[in-house]
Amino acid sequence: MIADLLSLVWAIVLVLLLFGLTIFVHELGHFLTARWCGLKVDAFAIGMGPALWKRKIGDVVYKINLLPIGGYVALPQMDPTGTSAVDENGDDRNLGYPAPWKKMIVSVAGVICNMILAFILAYIIYWDGREFVPEYTNATVGYVDTNSVAYTEGVRAGDVIHAINTEQVDTWEQVQLTSALNDDVVLSITSPDGQERELTLATEKVSGVRMLPGVFPMSYCVVLAVLPGSSAEDAGLAPGDRIVAWDGITLFSRMIGLVDQNRGEPTEITVERDDEELRLTVTPQYDEEAGRALIGIQFLVDEVRKPLDQVKSHATLIFRILKALVTPSEAKAAAEGIGGPVLIIDIFLKVAQVGLMAALSFTCLLNVNLAVINMLPLPVLDGGHLLLALWEAITRKPASRRIVE
């Protein structure tokens, strides 16, 4: 109970720090470029709502607000309606009118800073797990429940899904997203022996999200630590070992479930160590606190891709969701899967409880998401400010206040 509480507290602290960092970096981009361009800055705030702390330094008010769901830099000269350029009496503050190119720079600065942070995080994730990069980088099936419809239809570990509903998929994230947007999916599959086939499967809702039932991605289980006195230590497992087969099952991802299925039974596992393949025997033991059988290891199951591949995958995911929102057959499912800051923080908390690298990966996704969404040419968003600045640069006059409103 205490361990669970401490884990939750740590997750909350981690989320506040990483979510705050994401917002801070975005707003810092606006702030620094606005100062560089000579624009007036009224305030720099992290968070929304009432101020927990604020201080005026020079002519700028710096604030940390109660609700950690956003932030802002108050730039009166960037206000397209002009209402921020007047004082409390309604008189013009004579701040001057910045050139359109300055507005463009300030508009895109936050997005650029988020992308820089995303690449930094992606590199940290890659650097931490570069030794554990799986050999398979496509949408390879790692495990299929034997009692699932997919298994009955012939889906097996090692199959590669290369298209869903004629749409090409290159990663498991694309498989998950396309499945989440459809009630039924037509899978184009290539077997390890090179045979190609198509089959139709129904998706099921799990925790509000549609997915392929009983089908899981390929991911090696790499041992990060071996607990003293555990059956894993007795078997000779060591940190850095890559477990590639459990009881004859290869290319799996559901190691936790497989371990629990073999509780109390000596089970052969295949391990790769220093380019050598070993066969060891381990006996899962039931753990009352965990409520399932364990062998006594901490392991990594996530694939680790190169930084550019990580960022590209995140961006592709976001653009695919945007496409789904304007596709009649997918719009409803896409809209149901979208949430605001509260949902984001809720997911963030769950991810943070998995581990630091998982939290950093989600933060990377969040920064790419923030960058892409903010560049949409919509009012309030940075893309909206950029569009108005472009209009002004082309027509040599700002858009009328009536059009802006």
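Residues numbered from 1 in each chain as written. Predicted model: local features only at pLDDT ≥ 70, side-chain atom pairs only at ≥ 80, totals over all residues. Heavy atoms only, no water.

Peer 1: Even after reading the chapter, I still don't get the packing of aromatic side chains, so can you show me in this structure?
Peer 2: Here the distance between the centres and the angle between the planes together describe a pair of aromatic rings. Scanning the entire structure with this criterion turns up five aromatic pairs. Considering the side-chain rings of F24 and F44, the 6.0 Å spacing of their centres and the 55° angle between planes classify their relative orientation as tilted. In this pair, F24 sits in helix 1 (residues 2–36) while F44 sits in strand 1 (residues 43–57), placing the two residues 20 residues apart along the sequence. Classification of F44 as buried rests on a relative accessible area of 6%. (Phe/Tyr/Trp six-rings, centres within 6.5 Å; stacked < 30°, edge-to-face > 60°. Helix = DSSP H or I, 4+ residues; strand = E, 2+ residues; numbered from the N terminus. Buried < 20%, exposed > 50% of the residue type's maximum accessible area, 1.4 Å probe, protein only.)

Peer 1: How do you make sense of the packing of helix 4 (residues 172–180) against helix 7 (residues 307–325) when you look at a structure like this?
Peer 2: If you want to describe how two helices pack, look at the angle between their axes and the distance between the axes. Remark: helix 4 packs on helix 7, axes separated minimally by 10 Å, with the N-to-C direction vectors making an angle of 15°. In terms of axis orientation, helix 4 runs roughly parallel to helix 7. Considering only the axes of helix 4 and helix 7, their crossing is right-handed. On helix 7, the residues touching E173, Q174 and L177 of helix 4 are S313, T316, L317, R320 and I321. Here the residues of the contact of helix 4 with helix 7 sort into three nonpolar, three polar and two charged. (Axes fitted to C-alpha atoms, helices over the stretch in contact; angles between N-to-C directions. Parallel < 35°, antiparallel > 145°, perpendicular 65-115°, else oblique. Left-handed = near helix turned anticlockwise from the far one by under 90°. Contact = heavy atoms within 4.5 Å. Nonpolar A, V, L, I, M, F, W, Y, C, P; charged D, E, K, R; others polar.)

Peer 1: Help me out: how do you make sense of a nonpolar patch on the surface in this one?
Peer 2: A contiguous nonpolar patch, built from L5, L8, V9, W10, I12, V13, L16, L17 and L356 and spanning about 810 Å² of accessible area, is present on the exposed surface. Considering each element in turn, the nonpolar patch owes the most residues, eight residues, to helix 1. Inspection of the secondary structure puts L16 in helix 1. (Patch = residues over 30% accessible without salt bridge, like charges linked within 9 Å, V, L, I, M, F, W, Y side chains within 5 Å. Areas by Shrake-Rupley, 256 points an atom, 1.4 Å probe, with all protein chains shown as cover. Salt bridge = Lys/Arg side-chain N within 4 Å of Asp/Glu carboxyl O.)

Peer 1: Help me understand helix 10 (residues 356–374) in this model?
Peer 2: An α-helical turn contains 3.6 residues, so any two residues separated by three or four positions project in the same direction. In this model, helix 10 (19 residues) spans 26 Å end to end at C-alpha, consistent with the 27 Å of a helix rising 1.5 Å per residue. Those residues of helix 10 lying buried are A358, A359, L360, F362, T363, C364, L366, N367, V368, A371, V372 and N374. (Expected span 1.5 Å × (residues − 1).)

Peer 1: Hey, could you run me through the side chain of N367 in this one?
Peer 2: As for its position among the elements, N367 is in helix 10. There is a polar contact of 2.7 Å between the side chain of N367 and the side chain of N114. Not counting the four nearest positions on each side in its chain, N367 is found in contact with T22, N114, L117, A118 and L121. (Polar contact = N/O pair within 3.5 Å; in protein donor to acceptor, adjacent residues only side chain to side chain.)

Peer 1: Where do I start with unusual backbone geometry in this structure?
Peer 2: A negative phi angle characterises most non-glycine residues, just as the trans form characterises most peptide bonds. We note that N165 has phi near 55°; this positive angle belongs to a residue other than glycine. A positive phi angle is found at R396, which is not glycine, with a value near 65°. Structurally, the position occupied by R396 is in the loop between helix 11 (382–395) and helix 12 (401–404). By relative accessible area, R396 is classed as exposed at 75%.

Peer 1: Whenever I open this one, the packing of helix 7 against helix 10 confuses me. Can you help?
Peer 2: Their axes nearest at 9 Å, the elements helix 7 and helix 10 cross at an angle of 50°. Our classification of the angle between helix 7 and helix 10 gives oblique. You can see that helix 7 and helix 10 cross each other, and the crossing is right-handed. Contact residues: V311, H314, A315, L317, I318, F319 and L322 in helix 7; S361, C364, L365, V368, N369, V372 and I373 in helix 10. Among the residues forming the contact of helix 7 with helix 10, the class breakdown is eleven nonpolar, three polar and no charged.

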